[in-house]
Amino acid sequence: MSPTFNPMKLYHRRCRETRAQMSDLIDGELDERTAAAVARHARWCPNCRRMLKNLSRTVTGLHDIGEAPTPVDSPQR
């Protein structure tokens, strides 16, 4: 039996590759071509789009927490 082309395997492989690069995309660490490919895939793949959106929100939230002033220690009773 000869191997057949399975578009779902290609689709799932591309999703794994995209998800592995999402953090680097958000951090601006990808070259232009790779960044464009990740963004393009996330535009048409609903699962990767959702994951990229959630990851972006998480990273933004963590950056905001890191920049927030720390509360002044209150005197102990």
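This one's a predicted model, so the numbers in the text were calculated from it and none came from an experiment.

Cut-offs and rules
Residues numbered from 1 in each chain as written. Predicted model: local features only at pLDDT ≥ 70, side-chain atom pairs only at ≥ 80, totals over all residues. Heavy atoms only, no water. Helix = DSSP H or I, 4+ residues; strand = E, 2+ residues; numbered from the N terminus. Buried < 20%, exposed > 50% of the residue type's maximum accessible area, 1.4 Å probe, protein only. Contact = heavy atoms within 4.5 Å. Areas by Shrake-Rupley, 256 points an atom, 1.4 Å probe, with all protein chains shown as cover. Core = buried A, V, L, I, M, F, W, Y, C linked by side-chain atoms within 4.5 Å. Expected span 1.5 Å × (residues − 1). Arc of directions from axis to C-beta. Polar contact = N/O pair within 3.5 Å; in protein donor to acceptor, adjacent residues only side chain to side chain.

## What about the overall build of the chain?
Secondary structure assignment for the chain yields three helices and zero strands. Helices and strands appear in the chain in the N-to-C order α-α-α. Within the chain, the fraction of its 77 residues that count as buried is 16%. Long-range pairs, those at least 24 residues apart, make up 58% of the contacts in the chain with a sequence separation of at least 6. In the structure as shown, the chain presents an accessible area of about 6,600 Å², 55% of it carried by carbon and sulfur atoms.

## So, the nonpolar core
With six residues, the main nonpolar core is built from C15, M22, A42, C45, C48 and L52. Residue assignment for this core shows that the elements contributing at least two residues are helix 1 (7-26) and helix 3 (46-67). Residues contacting L52, with those up to four places away along its chain left out, are M22, L25, I26 and A42.

## Digging into the environment of L55
Topologically, L55 is positioned in helix 3. When its relative accessible area of 28% is taken as the criterion, L55 is described as partly exposed. Separated by 29 residues in the primary sequence, L55 and I26 place their C-alpha atoms 8.4 Å from one another. For L55, the contacting residues outside a window of four places in its chain are M22, S23 and I26.

## Some words on helix 3
Here helix 3 contains 22 residues, and its C-alpha end-to-end distance of 32 Å stays within 8% of the 32 Å for a straight helix at 1.5 Å per residue. Those residues of helix 3 lying buried are C48, L52 and V59. Considered in projection along helix 3, the buried side chains sweep an arc of 40° and stay on one side of the axis. For helix 3, the exposed residues lying more than 90 degrees away from the buried face are R57 and I65.

## Structural notes on helix 2 (residues 32-44)
Side chains three or four residues apart in an α-helix point the same way, a direct result of the helix having 3.6 residues per turn. Taking 1.5 Å of rise per residue, 13 residues should cover 18 Å, and helix 2 covers 19 Å from first to last C-alpha, within 8% of that figure. Within helix 2, burial applies to A35, A37, V38, H41 and A42. The arc that holds the buried residues of helix 2, viewed along the axis, is 160°, so those residues lie on one side. Across helix 2 from its buried face, at more than 90 degrees, point the exposed residues E32, R33, R43 and W44. The N-capping residue of helix 2, defined by a side-chain oxygen 3.2 Å from the backbone nitrogen of R33, is D31.

Interpretation note: all reported values are geometric properties and have no functional meaning in isolation.
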